[in-house]
Amino acid sequence: MSNGEKENISFGALDPALSDKVRFPSFYRTFPNELSHYEGIAQLLQYFGWSWVGILATDDENGVKAVQRLKVAIAQHGGCVEFSYMFPIEITEMGHIALNRILNDFGKTTAQVMICYSTGTSLVHYLMRREWLLFPHKTCIASVSFSFFADFSYGMNLRVFNGTLFFSIKKREIFGLLDFLHSLRLSSFSEIEDLSDLWQEIFDCRLMGKTKWKLLNSDYMLQLKICSGNETLKSLTSPEYGVSDFRISYSMYTAVYALAHSLHNILFSDSRSATVSTSGHQHEKMKPWKLNRFLRKIHFMTPSGDDFTFDDAGDVPGLYDIVNLVVYPNGTTKETHVGSFDTTATAGHELVINQSSIIWHSMEDNLNQFGTVGTKRTIMHQESVTVEYKLGLKLRMIPRSVCSESCHPGYRKAPIEGKPSCCFLCVPCAEEEFSNSTDMENCLKCPDDQWPNHMKTGCIQKDVVYLSYSDSLGVSLVSVSIGCSIITAGVLGIFLRHRDTPIVKANNQNISYTLLVFLMLAFLCSLLFIGHPTPLTCMIQQAAFGIIFTVAVSCVLAKTITVVIAFRAIKPGSRLNRWLGYRVSASMILLPTMGEVVICLTWLLTSPPHPDMDTQFEMGKLILQCAMGSVTAFYSVIGYMGLLAILSFIVSFLARNLPDRFNEAKLITFSMLVFCSVWISFIPAYLSTKGRYMVTVEIFAILASSAGLLGCIFFPKCYIIILKPDVNKKEYRG
């Protein structure tokens, strides 16, 4: 830093560029950086849900930068800018042409909230023109810079700003200043022309020989009273004249205090470059550049009790009041403090708003001031209408300023091509999705055990579905299963009672008993497939089904082979008699069964069946079922059983014509034909169904194939035993 540089303490500079310590190392300000209240405006828009706004600014360098920064801040908080109009800084003929063009476009805009930024009085004058009252009113959010120039003495023309919320630096008290202002008299500055005009404006009077406030015409001036010279500011209670509202004044006040404290610290520091003699005279001239080091570290308490310091950029915290401007029909105005914005507060608590204190403006206010004709409102001259102000303004709804209305729960936002993100369509969520808050961009999926309710605003538990003992299908299958097992038990009882008859003894009665027992178990094993699936039932049901049916089919195969061996053994010199014993028959049943047992054990040890939930097959249903674990193992069980059945069919078919009245070969042939037909049909039916219907198909196959074996092999014999006992004799055999 060179010795030629000077320190600056500004009490009103807004430009964020001045915070750059590389370019402006010796610049400080007691007025907040403009960026801080851009953030405040963006948070205010978000607080009221105003996502679709416009910007009005003066057409200069500061205005262009402000528009860019506002757009960034608004976008960061989810908002969009519909329009940004730049007003000429000079009220000229060209300026009026530009204004007419803006007015033409402004009437087509839909945003109901606009942000006003001005670096001069031109924008204020433009907005107070009569043309703006022809458009539906838009709520104005005024920046700090705009509030500098919105002189509230303009009266009736200010009604376009009725309901405005503007940011202003925090109001503070300057001790002693108010008493000083109250002591002022006209004689204190009567020779200063500008202050004389101000005196006339404040007290609504005229000084002899002085020019009245320039906005008032000569006819109006003649109606004013003569200033007595005894007027005092103490008689004014309205804060808008600045008598008790020390905002900019306080910024200047703290700037002076900061400089004074820094000079004081220099004078009383231990620095070797500045010494003071005993007489109080300075031996060395104080260098201005030395002040920067002390300003950077300044920290003091103001007489108002505020803790003051500069940050690293030479700025002070952004502390703002949010003020609501109300313009009454008679032209008087009122400011109400309705909130604050503090950049030093914790995240999420910077903005504080008291909604109940805000008086909103509507187009009705403008039209009321022009009058009504019948039920239609017409625009007339303001001077010919008397309007009564209604306190009911407080009851008005908060203005709405959105491009698209919020999407309610159950819908999601769908962007519109070529439009900003704030403009969207509301699309219902898909069948299996929901949204539980407004303006969701994507719908959510429910957990697997839940599905969306009717309105798609949340998830509800799915109906748990499985083949239950309580529903009609389950009851029917249980009844058939138990009924068939009872019938099988009855057949076994008949065979045991008539065990000495030729028809029972024929074809190895022990295998017949074993077959009947396992057919009875086959009917009962279908019950394992009904009810709530558990890990145990899922593991047992398929293994039990496979082993039981393998034993049954092995019995049929053993019976068929026994028939063939028996006829071969009766030939002279045959050695097949030794293959007709019980052990041989048992071995013919046990050996094929062991193959199925090995397959089932391998299945259970490697990838066993387990309970599973199917959430996709039926909407709104949670289907409980047993997953196969290993599909290959399942079809291996079915395939092995089918191989034995085909082998039994072939053997029985070849032995069907053997000369014996009680030969079972024909019966076994028909039974295996039914058995194979059922299980061949089972495979496509099983693959084409899901959930409890898949279980039903397997149960039906078990019951049908078991019934086929029972009916084809044993019912003809029971018919002879019960109804034709005279045939059941040894002499009828052969």
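Anything mentioned here points back to the structure above.
The shown structure was predicted, so the numbers you read here are calculated from the model rather than taken from an experiment. Position labels on residues start from 1 in each chain and follow its written sequence. With the structure being a predicted model, the display of local features is reserved for residues of pLDDT at least 70 and the display and counting of side-chain atom pairs for 80 or more, all residues being used for whole-chain, interface and lining totals. The side-chain quantities take in all heavy atoms of the structure and omit both hydrogens and water.

As for the nonpolar core
In these notes, a set of buried Ala, Val, Leu, Ile, Met, Phe, Trp, Tyr and Cys residues joined through side-chain atoms within 4.5 Å is what counts as a nonpolar core. Think of it in three bands: with a 1.4 Å probe and only protein chains considered, a residue is buried below 20% of the maximum accessible area for its type, exposed above 50%, and partly exposed in between. Phe495, Phe545, Phe675, Trp679 and Phe714 are the most contacted members of the largest nonpolar core, which has 66 residues in total. Put simply, the parts of the chain that give this core at least two residues each are helix H12 (472-497), helix H13 (502-505), helix H14 (509-525), helix H15 (535-569), helix H16 (582-606), helix H17 (631-654), helix H18 (665-687) and helix H19 (692-723). The secondary structure listing takes helices from DSSP runs of H or I that are at least 4 residues long and strands from runs of E that are at least 2 residues long, numbered from the N terminus. A total of 13 residues in this core trace back to one element, the largest contributor, which is H19. Pairs of residues are marked as contacts when any of their non-hydrogen atoms sit within 4.5 Å. Non-local contacts of Phe545, meaning those with residues more than four positions away in its chain, are made with Cys525, Phe529, Ile638, Met641, Trp679, Glu698 and Ile702. Listed in part, the 33 residues of the second largest apolar core include Phe48, Ala66, Val144 and Phe341.

Quick word on the state of the cysteines
Throughout, disulfides are identified as pairs of cysteine sulfur atoms within 2.5 Å of each other. One pass over the structure, following the stated rule, counts 6 disulfides. A sulfur-sulfur separation of 2.0 Å characterises the disulfide bridge that pairs Cys429 with Cys443. With the S-S dihedral at roughly -80°, the linkage between Cys429 and Cys443 falls on the left-handed side. Remark: Cys443 occurs in the loop between strand S19 (433-434) and strand S20 (444-445) and Cys429 occurs in the loop between strand S18 (424-428) and S19; sequence separation between them is 14 residues. Each member of the pair, Cys429 as well as Cys443, carries the same accessibility label: buried.

A look at the packing of H12 against H14
At their nearest, the axes of H12 and H14 sit 8 Å apart, and the two run at 165° to each other. For the element pair H12 / H14, the angle class is roughly antiparallel. As H12 packs across H14, the resulting crossing turns out to be left-handed. Counting all contacts with H12, which are made through Ser481, Cys484, Ser485, Thr488, Ala489, Val491, Leu492, Phe495 and Leu496, the residues of H14 involved are Ser512, Tyr513, Leu516, Val517, Leu519, Met520, Phe523 and Leu524. Here an axis means a line fitted to C-alpha atoms, over the contact stretch when the element is a helix, while the angle between two N-to-C directions is reported on a 0 to 180 degree scale. Relative orientations are named as follows: roughly parallel for angles under 35 degrees, roughly antiparallel for angles over 145 degrees, roughly perpendicular for angles from 65 to 115 degrees, and oblique for any other angle. By convention the crossing between two helices is left-handed if the near helix lies anticlockwise of the far one by an angle smaller than a right angle, and right-handed if it lies clockwise.

Digging into the sheet that holds strand S6 (residues 139-142)
Being paired, for any two strands, means DSSP has found at least two bridges between them. On the basis of which strands lie adjacent, the open sheet formed by 8 strands has the order S4-S3-S5-S6-S7-S12-S13-S14 and mixed pairing. If you trace the sheet from one side to the other, it starts and ends with strand S4 (80-87) and strand S14 (351-353), each paired once. Averaged over all neighbouring strand pairs, the angle between strand axes comes to 25°, with direction disregarded. Two strands pair when backbone bridges link them, and strand S7 (residues 164-169) and strand S12 (residues 319-327) are joined in this way by 6 bridges, in the antiparallel orientation.

Re the pairing of S7
With 6 of 6 residues buried, S7 is to be regarded as a mostly interior element. By the bridge criterion, 2 bridges tie S6 to S7 in an arrangement that is parallel. Across the sheet, the residue bridging to Ala142 is Phe166, located in S7.

Here's the deal with the pattern of salt bridges
What counts as a salt bridge is simple: a side-chain nitrogen of Lys or Arg found within 4 Å of a carboxyl oxygen of Asp or Glu. Applying the stated rule across the entire model yields 4 salt bridges. Between Asp315 and Arg29 there is a salt bridge; the shortest N-O distance is 2.8 Å. You can see Asp315 sitting in the loop between strand S11 (307-309) and S12 and its partner Arg29 sitting in strand S2 (residues 27-29), a full 286 residues away along the chain. Like Asp315, the residue Arg29 is buried in the burial classification.

A few points about the packing of H17 against H18
Helix-helix packing is characterised by the crossing angle of the two axes and by the distance between the axes. Interhelical geometry of H17 versus H18 gives an angle of 155° and a closest axis separation of 8 Å. Our classification of the angle between H17 and H18 gives roughly antiparallel. In the packing of H17 onto H18, the handedness of the crossing is left-handed. Note on element contacts: H18 touches H17 through Ala665, Ile668, Thr669, Met672, Leu673, Phe675, Cys676, Trp679, Phe682, Tyr686 and Leu687, opposite Phe634, Tyr635, Ile638, Met641, Ala645, Ile646, Ser648, Phe649, Ser652 and Phe653.

Digging into the side chain of Ser512
In this structure, Ser512 sits in helix H14. Any pair of N or O atoms that falls within 3.5 Å is considered a polar contact. Within protein, one atom must be able to donate a hydrogen and the other to accept it, and sequence-neighbouring residues count only if both atoms are side-chain atoms. Among the polar contacts listed, one links the side chain of Ser512 to the side chain of Lys559, at a separation of 2.7 Å. Beyond its immediate sequence surroundings of up to four residues, Ser512 is in contact with Phe495, Asn507, Lys559, Glu664 and Phe714.

Some thoughts on the pairing of strand S5 (residues 113-117)
Of all 5 residues making up S5, 5 are buried, and the element is well covered by its neighbours. Residue alternation in S5 divides its side chains into two sets, Val113, Ile115 and Tyr117 and Met114 and Cys116, and both sets are buried. The pairing of strand S3 (residues 52-58) with S5 spans 5 bridges and is parallel. Directly across from Leu56, in S5, lies its bridge partner Cys116.

In short, the description is geometric, and any link to function would need to be established separately.
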